[in-house]
Amino acid sequence: MKVYRLLTAPDDASFCHKVTLALNKGWELHGSPTYAYNADAKIMQCGQAVVKDVRGKDYTPDIKLSEQ
């Protein structure tokens, strides 16, 4: 099964750490990062899609993607 996540965080080191952790757990970058202004929080935020192939499992809507 292929799983997909969109990682988001404020434009600070927490975003880089979140992406780095995912990469070290076997996730791969998917596409380009995104950068947008969050008017509610009044901050810039980053986003990065990541994907991962998980063998031997079938997708179900209740699966916890971050634990794959």
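What you are looking at is a predicted structure, and each value in this text was computed from that prediction instead of being measured.

Engineer: So, the side chain of Gln68: which residues are in play, and what are the values?
Structural biologist: Along the chain, Gln68 turns up in the segment after strand 3 (43-53). In this structure the side chain of Gln68 is engaged in a polar contact, spanning 3.2 Å, whose partner is the backbone oxygen of Lys64. Beyond its immediate stretch of four places on either side in the chain, Gln68 contacts Met1, Val3, Trp27, Lys52, Val54, Lys57 and Ile63.

Engineer: Describe the pairing of strand 3, with residues and values.
Structural biologist: Within a regular strand, the side chains alternate between the two sheet faces. Pairing between strand 1 (residues 2-10) and strand 3: nine bridges, direction antiparallel. Looking across to strand 3, one finds that Lys2 is bridged to Asp53.

Engineer: Would you mind going over the nonpolar core in detail, with residue names and values included?
Structural biologist: Counting ten residues, the largest nonpolar core is built from Val3, Leu7, Ala9, Phe15, Val19, Ala22, Trp27, Cys46, Val50 and Val54. At the level of secondary structure, the elements contributing two or more residues to this core comprise strand 1, helix 1 (13-24) and strand 3. In contact with Val54, not counting residues within four places along its chain, are Met1, Val3 and Gln68.

Engineer: Tell me what's going on with the side chain of Gln48, and back it up with residues and numbers.
Structural biologist: Topologically, Gln48 is positioned in strand 3. Judged by its relative accessible area of 4%, Gln48 falls in the buried class. At 3.5 Å, the side chain of Gln48 forms a polar contact with the backbone oxygen of His30. Engagement of the side chain of Gln48 in a polar contact is seen with the backbone oxygen of Gly31, the distance being 3.2 Å.

Engineer: So what's going on with the environment of Gly31? Residues and values would help.
Structural biologist: Turning to its location among the elements, Gly31 is positioned in strand 2 (residues 28-38). Residues Gly31 and Leu6 lie 25 residues apart in sequence; the distance between their C-alpha atoms is 11 Å.

Engineer: Please give an account of the pairing of strand 2 that cites residues and values.
Structural biologist: In the sheet, strand 2 pairs with strand 3 via eight bridges, with the strands oriented antiparallel. Counted as the bridge partner of Leu29 is Val50 from strand 3. Hairpin connection, strand 2 to strand 3: the antiparallel pair is bridged by four residues, and Lys42 has positive phi, about 60 degrees.

Thresholds, definitions, all that
All residue numbers refer to position in the chain's written sequence, counted from 1. Reporting of local features is limited, given that this is a predicted model, to residues whose pLDDT is at least 70; pairs of side-chain atoms are given and counted only at 80 or more, and all residues count toward the totals for whole chains, interfaces and linings. Side-chain measures here rest on the full set of heavy atoms in the structure, leaving out hydrogens and waters. Comment: elements are numbered from the N terminus, with helices defined as DSSP H or I runs of at least four residues and strands as E runs of at least two. For this analysis, a polar contact is any N or O atom pair within 3.5 Å, provided that within protein one partner can donate a hydrogen and the other can accept it, and provided that sequence-adjacent residues contribute only side-chain to side-chain pairs. By the convention used here, residues are in contact when the closest approach between their heavy atoms is within 4.5 Å. A pair of strands counts as paired when DSSP detects no fewer than two bridges linking them. The criterion is simple. A nonpolar core is a set of buried Ala, Val, Leu, Ile, Met, Phe, Trp, Tyr and Cys residues joined through side-chain atoms within 4.5 Å. Any residue under 20% of the maximum accessible area for its type is buried, any over 50% is exposed, and the rest in between are partly exposed; the area is computed with a 1.4 Å probe on protein chains only.

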